[in-house]
Amino acid sequence: MLLEIAHVDDAHDPRYLVLADGSYELGGGRGDILLADSTVSPRHARLTLYNGTITIEDLNTTHGTFVDDERVFGPTRVDLSQRVRIGETILKLTLGEHVPKRNRNETRGPSKTEDGFLAALAANPADDGTREVYADWLEAEGMPVTAYYVRLELSGEPVEVTKDEMLARAVRITKPEWRAAICRGPIVGCPRRDCPRYWHLLSPGEQVRTCETCRSRVSYSSGEITTDKVVADAAVRRR
C-alpha cells in the first residue's frame, strides 16, 4: 500500500512511502516512520497492515490519534476512504505500489485499467462499488482531485462549485463525457412519483439516457441533466 503523509494546512508537499504488510511505529522522535511535527509524541501510534486490513492504535499520547476527527485508543480499523490525523499530520493509505509523480493537472494516457472501470459503469451506471474502487485507483495513481470528484458523487452531498476549491479544480481537469459516466446527480422537479429521479438509475447510455418510466430522453451536458420538461438539480449547482 501507499502511505501519504501531509500537513493539515498543506504547508508542504506530501511525502509518500510504499508499505508492505507489517507493523509500523510512528513518532516524532523514533520509530519506523518519523514525522516532522512538533505536536507528535516521540512514540505516538502503531500502524498495522495485514492482508488488506488497516489498523491504527494510539500509544497513550497526550494529543491523541484521530480517524476522521474521532479520537481512537485501542487498535481501530481504518478504511481506505478515511484519514488519520496525528498532531498536525494527516495520513492516508491508498492502493498502489509506487510513489506518484507530481502531476498537478492530473493528465493521464490510455489505461486498460481505467477503461475497465468506465466500461463497467457504462454497462451498469448504478454500480457504486466500481466507483469506490475507481476512486482508490485514481488516488493511488497520483490523481487525488479526480478521486475526490468520484467520492463526492458517491457522497450525494450538494456542493457549490464556487465554494469548493477542489471541486472547481476537478471540473477544469475532467471532460463532460467523463463526468456523465461518474454522475449520480438527482433529476429535480419531475412530477411523476415513480420517476427514478437519479441520472445513474436511468438506462445505460453516455450523455443521453432513457427514462424507462416515461420513455423520455434525458441528457447530460456540462453538468446539466435535462428532459423535455425538467432541468436538473444539485448536479447543476455542484458543477
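Residues numbered from 1 in each chain as written. Predicted model: local features only at pLDDT ≥ 70, side-chain atom pairs only at ≥ 80, totals over all residues. Heavy atoms only, no water.

Along strand β5 (residues 45-50), the buried face is formed by Ala45, Leu47 and Leu49; none of Arg46, Thr48 and Tyr50, which line the opposite face, is buried. Pairing of β5 with strand β6 (residues 53-58) involves six bridges; the strand directions are antiparallel. Along β6, the bridge assignment pairs Arg46 with Glu57. (Buried < 20%, exposed > 50% of the residue type's maximum accessible area, 1.4 Å probe, protein only. Helix = DSSP H or I, 4+ residues; strand = E, 2+ residues; numbered from the N terminus. Pairing = 2+ DSSP bridges.)

Time to look at the packing of aromatic side chains. Tallied over the full model, the rule gives six aromatic pairs. Taking the centre distance of 5.9 Å and the plane angle of 55° together, the rings of Phe117 and Trp137 count as tilted. Residue Phe117 is found in helix α1 (residues 112-123), and its partner Trp137 is found in helix α2 (residues 128-140); the two are separated by 20 residues along the sequence. Like Phe117, the residue Trp137 is buried in the burial classification. Both rings, one in Tyr149 and one in Trp178, keep their centres 5.5 Å apart while their planes meet at 55°; by these two values the pair is tilted. Linking Tyr149 in helix α3 (residues 144-155) with Trp178 in helix α5 (residues 176-182), this pair joins segments that are 29 residues apart in sequence. In this pair, the class of Tyr149 matches that of Trp178, namely buried. Taken together, the ring pairs in this structure connect Phe117, Tyr134, Trp137, Tyr149 and Trp178 into an aromatic cluster. (Phe/Tyr/Trp six-rings, centres within 6.5 Å; stacked < 30°, edge-to-face > 60°.)

A cluster of acidic residues, Asp68, Asp69, Glu70 and Asp79, forms a negative patch at the surface. Following the sequence through the fold, Asp68 ends up in the loop between β7 (65-67) and β8 (70-72). (Patch = residues over 30% accessible without salt bridge, like charges linked within 9 Å, V, L, I, M, F, W, Y side chains within 5 Å. Areas by Shrake-Rupley, 256 points an atom, 1.4 Å probe, with all protein chains shown as cover. Salt bridge = Lys/Arg side-chain N within 4 Å of Asp/Glu carboxyl O. Lys, Arg positive; Asp, Glu negative; His and termini not counted. Charge placed at Lys NZ, Arg CZ, Asp CG, Glu CD.)

Our focus in this paragraph is the environment of Ala120. Relative to the elements of secondary structure, Ala120 occurs in helix α1. On the basis of relative accessibility, which here comes to 26%, the residue Ala120 falls in the partly exposed class. Distance in space between the C-alpha atoms of Ala120 and Thr130 is 7.3 Å, their sequence separation being 10 residues.

Right, let's get into unusual backbone geometry. Even without a glycine there, the phi angle at Asp68 is positive, about 50°. Assessed through its relative accessible area of 40%, Asp68 is described here as partly exposed. In this structure, Asp69 takes a positive phi of about 70° despite not being glycine. Its location among the elements puts Asp69 in the loop between β7 and β8. By relative accessible area, which is 56% here, Asp69 ends up exposed.

In low-pLDDT regions, the fine details of the predicted coordinates are not to be read closely. Confidence in the prediction of the chain, expressed as mean pLDDT, is 82, and 83% of residues score 70 or more. Confidence drops under a pLDDT of 50 for residues 228-239, and excluding neighbours within four residues, the segment shows 45 contacts in the predicted structure. (pLDDT = per-residue confidence, 0-100. Contact = heavy atoms within 4.5 Å.)

So, about the sheet that holds β7. Taken in spatial order, the six strands line up as β2-β1-β11-β10-β7-β8 in an open sheet, and their pairing is antiparallel. Two strands in the sheet have a free side with no partner beyond their single neighbour: β2 (15-18) and β8. Taken over all neighbouring pairs, the strand axes of this sheet differ in orientation by 30° on average, direction set aside. With four bridges connecting them, strand β1 (residues 2-7) and β2 associate as antiparallel partners. The partner of Leu3 across the bridge, within β2, is Leu17. (Axes fitted to C-alpha atoms, helices over the stretch in contact; angles between N-to-C directions.)

Along any regular strand, the residues point their side chains to alternate faces of the sheet. Note that strand β3 (residues 22-27) and β5 share five bridges and pair antiparallel. Considered in β5, the bridge of Gly22 is made with Leu49. In this structure, β3 lies alongside strand β4 (residues 33-34), joined through two bridges in parallel fashion. Residue pairing for β4: Gly27 is matched across the bridge by Leu34.

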